[in-house]
Amino acid sequence: MSKILVLYDSWCPICMRVKENIRKLDWFNLIELKSIREENNLNIPITDLEKEMYCINLETGKVTKGIDAIASISARLPLMMLFWLPLKLSSYFVFGHKLYNYIARTRIIIPVNNCDGDTCNIK
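Think of each chain on its own: its residues are numbered from 1, step by step along the sequence as written. Selection of residues for local features in this predicted model requires a pLDDT of at least 70, selection of side-chain atom pairs for listing and counting requires 80 or more, and totals for whole chains, interfaces and linings are taken over all residues. Here the side-chain values reflect all heavy atoms present in the structure, with hydrogen atoms and water set aside.

Caption draft 1: Expanded view of helix α5 (residues 95–106). Runs of H or I in DSSP of at least four residues are treated as helices and runs of E of at least two as strands, each being numbered from the N terminus. What a helix should span is 1.5 Å times the count of its residues minus one. A rise of 1.5 Å per residue sets the reference length of α5, with its 12 residues, at 16 Å; its end C-alpha atoms lie 17 Å apart and thus fit the reference within 8%. Note on classification: 1.4 Å probe, protein chains only; a residue is buried when its accessible area is under 20% of the maximum for its type, exposed when over 50%, partly exposed between these limits. Of the residues making up α5, those classed as buried are G96, Y100 and A104. Viewed along the axis of α5, the buried residues span an arc of 60 degrees, placing them on a single side of the element. For α5, the exposed residues lying more than 90 degrees away from the buried face are F95, K98, L99 and R105. We call two residues in contact whenever any of their non-hydrogen atoms come within 4.5 Å of each other. Residues of α5 that are buried sit in contact with α2 (46–51), α3 (67–75) and α4 (84–92). Arc definition: it is the arc formed by the directions from the helix axis to the C-beta atoms.

Laid out in structure tokens, this is it:
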């Protein structure tokens, strides 16, 4: 199976938890992780990267996003492989996209350098 690059938002607590879980479960080192907040030389606008998680297949260059990116990730994690087919079916029947977009729209973003101790000022 080919390696993928997962682009995640390091200002998003949900995304950071997903990133940590990927690191723990990626036994075969098939997933590279990169924050969209780092210097980015990809041809994907930051506004799009802020809306959905993106994966890039490093062998073919194919880009997937949203629920399809989650399916690509699950296919590479042995403990998550059972979820690949339900994720692909949810994508095919559209409700997976709707659920993913709802979660992505309602997540909380915490910009760096605006936190002091246990509190953060969100502008």
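Text resumes after the structure shown.
Caption draft 2: Up close: the sheet that holds strand β1 (residues 4–8). Here four strands make up an open sheet; going across it, the order is β2-β1-β3-β4 and the pairing mixed. Each end of this open sheet is capped by a strand with a single partner; those strands are β2 (31–35) and β4 (63–65). Ignoring strand direction, the axes of neighbouring strands in this sheet form an average angle of 25 degrees. Pairing between strand β3 (residues 54–57) and β4: three bridges, direction antiparallel. Opposite C55, over in β4, you have T64 as the bridge partner. To get an axis, fit a line to the C-alpha atoms, keeping to the stretch in contact for a helix; angles then go from 0 to 180 degrees between the N-to-C directions. Helix α1 (residues 13–25) rests against β1 and β2 of the sheet, and its axis sits at about 155 degrees to β2. Packed on one face of the sheet, α3 meets β1, β2, β3 and β4 and runs near 110 degrees to β4. Between any two strands, at least two bridges found by DSSP are needed for them to pair.

Caption draft 3: View of α1. Between its first and last C-alpha, α1 extends 19 Å over 13 residues, near the 18 Å set by a 1.5 Å rise per residue. When we look at burial in α1, the residues that qualify are C15, K19, I22 and L25. Viewed along the axis of α1, the buried residues span an arc of 135 degrees, placing them on a single side of the element. Exposed residues pointing more than 90 degrees away from the buried face of α1 are listed as R17 and K24. Those residues of α1 that are buried lie in contact with β1, β2 and α3.

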